[in-house]
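Given next are the chains, with one letter for each unit.
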Amino acid sequence: MINVLFAATEQRWTEYRAPLTEAFAARDLAVDLRTDFPPEAVDYIVYAPNSPVQDFTPYTRCKAVLNLWAGVEAIVGNQTLTRPLCRMVDHGLTRGMVEWVTGHALRHHLHIDHFLAHQDGDWDAAKLVPPLAEERPVTVLGLGELGAACAQALAQLGFPVTGWSRSPKDIEGLTCLSGPEGLAQALSTAQILVLLLPLTAETTDLMDATRLAQLPRGAVILNPGRGPLIVDEALLAALDAGHLRHATLDVFRTEPLPAAHPFWAHPQVTVCPHIASETRPLTASRIIAENVARGETGAPFLFLVDRSQGY
Ligand code: NDP
């Protein structure tokens, strides 16, 4: 029997219990799935970083920790975790993010807010013809599972898309840049900037006043990545100065975003409550079962986190 500890919130247990049980059965894995085991009996931990399990020392026979989230910044530095850590890559998570990013990009590209503000019978005041997508360069920072999928979807709509990543890439339909020298170039053309970077020591505060100033005047930012990728005060200053047109933010330094935070009341900021994309239990359970099957046969785990890089 393979003992799998489910270490996440009660609500997640309600959502995941049945699909995980089914996914293990579909792989012919004899699994005992529970929310409580003696730590020394646990073979795998299905994990959410907001679970009460924070000290992994007693889990002496654990073969891997399988994260339910794509982002691992809250667990990657945990010194008690010495076992392999896998992050979540899930069809539902990717497709949800593609829909969120394309939807919000099209809102700003088509000036939908302008038409909502001109419903008063003044035909001429309402008249604003947006450019074609092919005339509106977009930049996506981060070309991983989510960033690459979003960049390709935007390119398919006709936007000229530049992507930026740590290592050089060659992705059909995209201009791919990398490294510090590529960033200034990627920002300089970005009428819409999408942030899909993980939060690491290198990416924290990446979009500070200097980098925001490198964006073209009137640029729009979409941040479904992580809040600390942007310096809040610098973003507010760039919006107030008229340098940026709008920021649509899904993630924040403090979540929930405090009621007194200036983002809530700012007319050029859209606050979303970290809903850009969710791990979907049905598809995510299959990934977890696949990784348990791999662990049992000694095959390499999927989506292993590189601790030295922090993601
Ligand atoms: P991946 O790990 O697949 O991709 C990360 C990308 O960022 C890679 O292209 C990587 O480059 C690049 N990158 C990392 N560090 C740097 C750096 N220092 N300089 C330049 N590029 C860098 O992650 P995902 O695409 O799966 O997810 C991205 C993030 O999205 C998650 O970490 C999470 O924070 C966020 N997220 C938000 C959700 C929401 O609902 N708001 C839902 C899910 C995820 P390289 O390819 O060279 O390694």
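Cut-off values and rules
- Residues numbered from 1 in each chain as written.
- Predicted model: local features only at pLDDT ≥ 70, side-chain atom pairs only at ≥ 80, totals over all residues.
- Heavy atoms only, no water.
- Helix = DSSP H or I, 4+ residues; strand = E, 2+ residues; numbered from the N terminus.
- Expected span 1.5 Å × (residues − 1).
- Bend = angle between axes of the 7 residues up to and from the residue.
- Buried < 20%, exposed > 50% of the residue type's maximum accessible area, 1.4 Å probe, protein only.
- Contact = heavy atoms within 4.5 Å.
- Pairing = 2+ DSSP bridges.
- Axes fitted to C-alpha atoms, helices over the stretch in contact; angles between N-to-C directions.
- Phe/Tyr/Trp six-rings, centres within 6.5 Å; stacked < 30°, edge-to-face > 60°.
- Domains from an automatic or database assignment.
- Buried area = accessible area lost by both parts, 1.4 Å probe.
- Salt bridge = Lys/Arg side-chain N within 4 Å of Asp/Glu carboxyl O.
- Polar contact = N/O pair within 3.5 Å; in protein donor to acceptor, adjacent residues only side chain to side chain.
- Nonpolar A, V, L, I, M, F, W, Y, C, P; charged D, E, K, R; others polar.

Colleague: Give a description of helix 1 (residues 10-26) that names residues and reports values.
Modeller: Taking 1.5 Å per residue, 17 residues should reach 24 Å; helix 1 reaches 24 Å between its end C-alpha atoms and fits that length. The sharpest bend along helix 1 comes to roughly 45°, located at Y16, with the proline P19 sitting one to four residues further on. Looking at helix 1, one finds that the buried residues are W13, Y16, P19, L20, A23 and F24. Here the buried face of helix 1 lies against strand 1 (2-7), strand 2 (31-34) and helix 10 (281-297). Following helix 1 by one or two positions, D28 adopts a phi angle in the positive range, close to 55°.

Colleague: How would you summarise the sheet that holds strand 12 (residues 269-271) if you had to cite specific residues and measurements?
Modeller: Consider a sheet: its strands pair through backbone hydrogen bonds, and that pairing is either parallel or antiparallel. Strands sit in the order 8-7-6-9-10-11-12 across an open sheet of seven strands; the sheet is parallel. What marks the edges here is a single partner per strand, and that holds for strand 8 (175-178) and strand 12. Ignoring strand direction, the axes of neighbouring strands in this sheet form an average angle of 15°. Pairing of strand 11 (residues 244-249) with strand 12 involves three bridges; the strand directions are parallel. Each bridged residue has a counterpart across the sheet, and for A247 the counterpart in strand 12 is V269. Running over the sheet, helix 2 (residues 91-109) touches strand 9 (192-195), strand 10 (219-223), strand 11 and strand 12 and is turned about 155° from strand 11.

Colleague: Provide a residue-level description of helix 10, including the pertinent values.
Modeller: Over its 17 residues, helix 10 runs 24 Å from end to end, which matches the ideal 24 Å to within 8%, given 1.5 Å per residue. The complete set of buried residues in helix 10 reads T283, A284, S285, I288, A289, N291, V292, A293 and G295. Buried positions along helix 10 lie against strand 1, helix 1, strand 3 (44-47), strand 4 (64-67), strand 5 (85-86) and helix 2. Looking one or two residues beyond helix 10, the residue adopting positive phi is G298, at roughly 80°.

Colleague: Would you mind going over the packing of aromatic side chains in detail, with residue names and values included?
Modeller: With the rule as written, the count across this model stands at five aromatic pairs. Ring geometry for F6 and Y16: centres 5.9 Å apart, planes at 35°, overall tilted. Taken together, the positions of F6 in strand 1 and Y16 in helix 1 put the pair ten residues apart, joining distant regions of the chain. Each member of the pair, F6 as well as Y16, is classed as buried. Relative to Y59, the ring of F56 has its centre 6.5 Å away and its plane inclined at 55°; by these criteria the two rings are tilted. With respect to burial, F56 and Y59 carry one shared label: buried. Taken together, the ring pairs connect F6, W13 and Y16 into an aromatic cluster.

Colleague: How would you sum up the pairing of strand 3? Please name residues and give values.
Modeller: Alternating positions in strand 3 separate into two faces, Y44 and V46 on one and I45 and Y47 on the other, with burial throughout. The sheet contact formed by strand 1 and strand 3 spans four bridges and is parallel. Opposite V4, over in strand 3, you have Y44 as the bridge partner. The pairing of strand 3 with strand 4 spans four bridges and is parallel. Each residue of the ladder has a partner; that of V46, found in strand 4, is L66.

Colleague: Explain the domain arrangement of the chain to me, and be specific about the residues and the numbers.
Modeller: Split by domain assignment, the chain resolves into domain 1 (2-90 + 279-297) and domain 2 (91-271). In this structure, domain 1 and domain 2 have C-alpha centres spaced 33 Å apart. Both sides of the domain 1 and domain 2 interface together cover about 750 Å² of buried area, and 55% of this is carbon and sulfur. If you sort the residues of domain 1 by the area they bury against domain 2, E73, V89 and D90 come out on top, with a joint share of 55%. Linking domain 1 with domain 2 are one salt bridge. Residue R226 is joined to E73 by a salt bridge in which the shortest nitrogen-to-oxygen separation is 2.6 Å. In this structure, the connection of domain 1 to domain 2 is made through four residue pairs in polar contact (both at pLDDT 80 or more). Residues that form the side of domain 1 that touches domain 2 fall into these classes: three nonpolar, three polar and four charged.

Colleague: Could you give me a rundown of the sheet that holds strand 5, with the residues and numbers involved?
Modeller: Here we have five strands laid out as an open sheet, ordered 2-1-3-4-5, and parallel in their pairing. If you trace the sheet from one side to the other, it starts and ends with strand 2 and strand 5, each paired once. Here strand 4 runs beside strand 5; their pairing, made up of two bridges, is parallel. Pairing of V65 across the sheet is with L85, part of strand 5. Sheet contacts for helix 1: strand 1 and strand 2; angle to strand 2, the most-contacted strand, approximately 175°. On the sheet, helix 10 packs against strand 1, strand 3, strand 4 and strand 5 and is oriented at approximately 160° with respect to strand 3.

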